[in-house]
Amino acid sequence: MSIDAMDNIETEIGTSEVETDAAAASQVTGSTDGNERYDAPIRDVLTRLGYLSQDQVAKVQAHAAERGLDFDQAALELGFITTDDLDRAREQLINSLALQNIARRPVSDELVVLSDPGSVRAESIRMLRTSVIAQHIKNGRRGLAVVATADGHGCSWVAANLAVALSQVGFKILLIDANMRSPRQDQIFGLDPNAPGLSSFLSLQVARPERVVNANVLPGLALITAGPPTSRPQELLSGNRFRDGVNTLLREYDLVIFDTPAANTSADALNVGAGAAYALVVGRANHSFYKDINTLTDQLAAARCAVVGAVLNEF
């Protein structure tokens, strides 16, 4: 399947059909001015590890305000910390805030890169991985929404297998189930669907996005489930809290992949795409209409989300 104005990420995959409160939040996040809410945790970890003195912290804060930078980037620019220092601090921050001791079931056989690594489907995912690395990650892009025009096109399957495949070659990946209408990633990865997830953070039940991360569900792969059911997913995904949370998480991972609901049923995928900034369109052979996909790419462009490629599922 070829779509105009895309990068060259394009592949075909043969597969079977699968498809606390606000007060507490205020206490944890601190100030509501600028990026202070999201800079405070990494600042505190860098200080606790001895990488920054209190005098340096003050200088970094002043430099960040003057240059419009995040705290960690300002510290790097001033030469007070190294990229290795920052990586160690980020890892400690994620592990300390992530969900711990979550009861888990075995992962699903739908993860063909694990259950059937020699299959044509697994090899197609690895080909897609190669394209994503070459044309997306190496260009410094950290967000990718996986979108489809309709249900049953394999959007969740592609997102899950691509996330696992990227983690297998050493990338630090976060997969977010942003389909709060009909979530699938908790089933695929054997997690509790009612445990804290994206809906918990967006509805102010959890203060920070890191606190709904399931760290190391597989080596190198973290996951945020959709969370408990909510009656207002579009409202939650349209708010500043979603965009601010996404910006925080994008700084912590090599790539954040978003699973999204079908674009023909709601505007959720467009809101998620706007937060991720880039999208991968999934179509189903003999079911997807070229006109629908063109319409979706136009809608994503209007939402300031660049479509970087397409995947065609063959059932």
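Residues numbered from 1 in each chain as written. Predicted model: local features only at pLDDT ≥ 70, side-chain atom pairs only at ≥ 80, totals over all residues. Heavy atoms only, no water.

A.B. asks: If you had to explain the overall build of the chain to someone new, which residues and values would you point to?
C.D. replies: Assigned secondary structure in the chain consists of 14 helices and eight strands. Looking at the chain as a whole, 53% of its 315 residues qualify as buried. Of the accessible surface of the chain, which amounts to about 13,400 Å², a share of 47% is contributed by carbon and sulfur atoms. (Helix = DSSP H or I, 4+ residues; strand = E, 2+ residues; numbered from the N terminus. Buried < 20%, exposed > 50% of the residue type's maximum accessible area, 1.4 Å probe, protein only. Areas by Shrake-Rupley, 256 points an atom, 1.4 Å probe, with all protein chains shown as cover.)

A.B. asks: Could you give an account of the packing of aromatic side chains, naming the residues involved and the relevant values?
C.D. replies: Tallying each qualifying case throughout the model produces one aromatic pair. A centroid spacing of 6.4 Å and a plane angle of 70° characterise the contact between F242 and F258, whose relative ring orientation is edge-to-face. Taken as a pair, F242 in helix α12 (residues 240-250) and F258 in strand β6 (residues 255-259) lie far apart in primary sequence, 16 residues in all. One exposure class covers both F242 and F258, and it is buried. For the cation-ring pair, K172 lies above Y253, with the distance from its terminal atom to the ring centre recorded as 5.3 Å. (Phe/Tyr/Trp six-rings, centres within 6.5 Å; stacked < 30°, edge-to-face > 60°. Lys NZ or Arg CZ within 6 Å of the ring centre and 35° of its normal.)

A.B. asks: I'd like a description of the pattern of salt bridges, backed by residues and values.
C.D. replies: Inspection of every chain in the model, using the stated rule, returns 11 salt bridges. A salt bridge links E77 to R67, with the shortest nitrogen-to-oxygen separation between them at 2.8 Å. Within this pair, whereas E77 is found in helix α4 (residues 71-78), its partner R67 is found in helix α3 (residues 54-67), the two being separated by 10 residues in sequence. Classification of E77 by relative accessible area gives partly exposed; the value is 40%. Judged by relative accessible area, R67 falls into the partly exposed class, the value being 48%. With a shortest N-O distance of 3.1 Å, R232 and E235 are connected by a salt bridge. Its relative accessible area of 53% is what places E235 among the exposed residues. (Salt bridge = Lys/Arg side-chain N within 4 Å of Asp/Glu carboxyl O.)

A.B. asks: With reference to specific residues and values, describe the layout of surface pockets.
C.D. replies: The computed volume of the largest pocket comes to approximately 410 Å³. For the lining of the largest pocket, the secondary structure elements donating two or more residues are α4, α5 (83-97), β4 (214-218) and β5 (221-224). With seven residues, α5 is the largest single contributor of residues to the lining of the largest pocket. The residue makeup of the lining of the largest pocket, split by class, is nine nonpolar, six polar and eight charged. (1 Å grid on protein atoms, 1.4 Å probe; cavity = no way out; pocket = protein on both sides within 12 Å on 5 of 7 lines; lining within 4 Å. Points joined across faces, edges and corners; volume = space filled by probe spheres on them. Nonpolar A, V, L, I, M, F, W, Y, C, P; charged D, E, K, R; others polar.)

A.B. asks: Can you lay out helix α13 (residues 268-276) for me, pointing to particular residues and giving the numbers?
C.D. replies: For α13, the tally of buried residues reaches seven of nine residues, placing the bulk of the element in the interior. Burial in α13 covers these residues: D268, A269, L270, V272, G273, G275 and A276. Packed against the buried residues of α13 are β2 (143-148), α11 (233-238), α12, β6, β7 (278-284) and α14 (290-302). Looking one or two residues beyond α13, the residue adopting positive phi is A277, at roughly 80°. (Contact = heavy atoms within 4.5 Å.)

A.B. asks: So what's going on with the environment of V256? Which residues, and what values?
C.D. replies: Locating V256 in the fold gives a position in strand β6. For V256 and V246, which are 10 residues apart along the polypeptide, the C-alpha to C-alpha distance reads 8.8 Å.

A.B. asks: Please set out α14 residue by residue, giving values where relevant.
C.D. replies: Taking 1.5 Å as the rise per residue, α14 with 13 residues should run 18 Å; its terminal C-alpha atoms sit 18 Å apart, in good agreement. The elements touched by buried residues of α14 are β2, α13, β7 and β8 (306-314). R304 sits one or two positions beyond α14 and adopts a positive phi of about 65°. (Expected span 1.5 Å × (residues − 1).)

A.B. asks: Hey, could you go over unusual backbone geometry for me, with residue numbers and the actual values?
C.D. replies: Phi angles above zero are rare outside glycine, and A277 is one such case at about 80°. Owing to a relative accessible area of 28%, A277 belongs among the partly exposed residues under this scheme. Of note in the backbone geometry, R304 takes a positive phi value of approximately 65° without being a glycine. Tracing the backbone through its elements, the reader meets R304 in the loop between α14 and β8.

A.B. asks: How would you explain the packing of α3 against α4 if you had to name every residue and give the values?
C.D. replies: α4 packs onto α3 with a crossing angle of 105° between their chain directions and a minimal axis gap of 8 Å. As judged from the angle between their axes, α3 and α4 are roughly perpendicular. Together, V57, K59, V60, Q61, H63, A64 and R67 of α3 and F71, A74, A75, E77 and L78 of α4 make up the contact between the two elements. Tallied by class, residues from the contact of α3 with α4 come to seven nonpolar, two polar and three charged. (Axes fitted to C-alpha atoms, helices over the stretch in contact; angles between N-to-C directions. Parallel < 35°, antiparallel > 145°, perpendicular 65-115°, else oblique.)

A.B. asks: Tell me about the confidence of the model for the chain, residues and numbers included.
C.D. replies: Overall, the predicted model of the chain reaches an average pLDDT of 84, with 83% of residues at or above 70. Confidence, expressed as mean pLDDT per element, reaches its minimum in the chain at helix α1 (residues 22-29) with 36 and its maximum at β6 with 98. In this model, residues 15-34 is a region of pLDDT below 50 whose contacts with residues beyond four sequence positions or in other chains number 39 contacts. (pLDDT = per-residue confidence, 0-100.)

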